[in-house]
Amino acid sequence: MKLIAAMSGGVDSAVAAALAVEAGHDVTGVHLALSQHRQQMRSGSRGCCSVEDADDARRVAGELGIPFYVWDMAEQFAEDVVDDFVAEYAAGRTPNPCLRCNEKIKFAAVLDRAQALGFDAVVTGHHARLVGGELRRSVDAAKDQSYVLGVLTERQLAGAVFPLGEMTKERVREIAAERGYAVATKPDSHDICFIPDGDTRGFLDRRLGVAPGPVVDAATGATVGEHQGTHGFTIGQRKGLGVTVGDQRPRYVLGIEPVSRTVTIGTADQAGVDEVLTGAPTWTGPVPELPFAAVVQLRAHGASVPCTVSARDGSAGLQLELHDQQRGVAPGQSAVLYAPDAERGDRVLGQATVFRAGERQASVLS
């Protein structure tokens, strides 16, 4: 195949490109310039799209003997990922920018441009598998990225190649070391790539400003503190609430209401939900017939839980009845559905954005 290799400058994308070349494909390396401040240097495992990342990607491409280009997508990344991130927090939701980047940039803008230029597909260093066109979890459960790829459509998956899904991260680094790549020991990127200092609240403060409001205890209805902006909180959050309640039991964020600027907190037994309502789903393959049994993952690094999926009354969304209560289910996050059967239980069926986390929580907040 004629492939574009998306080369971030990290070890995963370097090895993915190398394996594609080794398999006999016609490969062209592309580094996506997504940051509007590309001259800044990385801080360990934080940040992306720095000058050193571009240099690392270019160096590997040179060692592979493949053409290499830089595609400037900073403006589109800012609009589709960064601005979306800020707007979601302003609305009291918790977005996943990596998922949005996969959806809007890597497998929409990049794939569309690649195919328009005559390429067949885009190869990336994501830890996930494609088996007969079906998206499945990586064999390395600790590095699996199928959750943030669950938003991709059948057409987009047909234009994707994931060479690393059948190996562990340890093996990826071994391959890079065997080939003498300097990135073999380069730290993995963590946190949010466009917030290199890791201070999400500070970043949002600068974008949204200070907007004080009350912190209310759900059990008593009493105001127990004041915050400086609802964007500093997410559903299920326990640390950094800035309040002390008389009985000393741990409190969790149960609700965020940006219009009244109210953050509602409650105890662990109030935080559990057994139903999740979503927006309209996207499917990675044929649309399944509702209702059906599935396994759902509600956070990027969260546990999976069995559920029953049915149509949500009066909307194009879904209703997920969870077989076990879950905490920290935040509106704006993705509910990624996996097949329930033992043989193919790692197969991604699709995803939908969480609209509301269940009747139990709704009754607490009413």
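Just so it is clear, the model here is predicted, and its values are computed rather than measured. (Residues numbered from 1 in each chain as written. Predicted model: local features only at pLDDT ≥ 70, side-chain atom pairs only at ≥ 80, totals over all residues. Heavy atoms only, no water.)

> Would you explain the nonpolar core in this entry?
Within soluble globular proteins, side chains that are nonpolar tend to cluster in buried spots. Met 7, Val 15 and Tyr 181 are the most contacted members of the largest nonpolar core, which totals 29 residues. Per-element accounting of this core gives the leading share, 8 residues, to helix H1 (residues 11–22). Apart from residues no more than four positions distant in its own chain, Tyr 181 is found in contact with Ala 14, Ala 18, Val 60, Glu 63, Leu 64 and Ala 176. With 26 residues, the next largest nonpolar core counts Val 30, Trp 71, Val 81 and Val 82 among its residues. (Core = buried A, V, L, I, M, F, W, Y, C linked by side-chain atoms within 4.5 Å. Buried < 20%, exposed > 50% of the residue type's maximum accessible area, 1.4 Å probe, protein only. Helix = DSSP H or I, 4+ residues; strand = E, 2+ residues; numbered from the N terminus. Contact = heavy atoms within 4.5 Å.)

> I tried to follow the packing of H1 against helix H7 (residues 169–178) on my own but got confused; where do I start?
Each pair of packed helices gets described by two things: the angle between the helix axes and the distance between those axes. Relative to each other, H1 and H7 sit at 65 degrees, their axes nearing to 9 Å. Taken together, the axis directions place H1 and H7 in an arrangement best described as roughly perpendicular. Here H1 runs over H7; the crossing is left-handed. Contact residues: Val 11, Asp 12 and Val 15 in H1; Lys 169, Val 172, Arg 173, Ile 175 and Ala 176 in H7. Residues of the contact of H1 with H7, tallied by class, amount to 5 nonpolar, no polar and 3 charged. (Axes fitted to C-alpha atoms, helices over the stretch in contact; angles between N-to-C directions. Parallel < 35°, antiparallel > 145°, perpendicular 65-115°, else oblique. Left-handed = near helix turned anticlockwise from the far one by under 90°. Nonpolar A, V, L, I, M, F, W, Y, C, P; charged D, E, K, R; others polar.)

> In this structure, what is going on with the sheet that holds strand E3 (residues 68–72)? I would like to understand it.
Strand pairs in the sheet, formed through backbone hydrogen bonds, run parallel or antiparallel to each other. Spatially, the 5 strands line up as an open sheet ordered E3-E2-E1-E4-E7, and their pairing is parallel. In the strand order of this sheet, the two ends are held by E3 and strand E7 (160–161), each with one partner. Where strand E1 (residues 2–6) meets strand E4 (residues 121–123), 3 bridges bridge the pair, whose relative direction is parallel. Among the inter-strand pairings, Leu 3 is bridged to a residue of E4, identified as Ala 121. Sheet strands in contact with H1 are E1, strand E2 (26–33) and E4, and its direction is about 165 degrees off that of E1. Contacts between helix H2 (residues 51–64) and the sheet are confined to E2 and E3, with E3 contributing the most and set at about 150 degrees to the helix. (Pairing = 2+ DSSP bridges.)

> What is the right way to read the pattern of salt bridges from this model?
Scanning the model with the defined rule gives 22 salt bridges in all. Of the charged contacts in the structure, one is a salt bridge between Glu 88 and Arg 93, with a shortest N-O distance of 2.8 Å. Asp 217 is the partner of Arg 251 in a salt bridge, and the nearest nitrogen-oxygen pair spans 3.3 Å. Note that Arg 251 is positioned in the loop between strand E9 (223–227) and strand E10 (252–257) and Asp 217 in strand E8 (residues 213–217), a separation of 34 residues in sequence. Side by side, Arg 251 and Asp 217 carry an identical accessibility label, which is buried. Look at the salt bridges and you will find they share partners, linking Asp 12, Lys 143, Lys 169, Arg 173 and Asp 188 into a network. (Salt bridge = Lys/Arg side-chain N within 4 Å of Asp/Glu carboxyl O.)

Worth remembering: the numbers are spatial, not functional.
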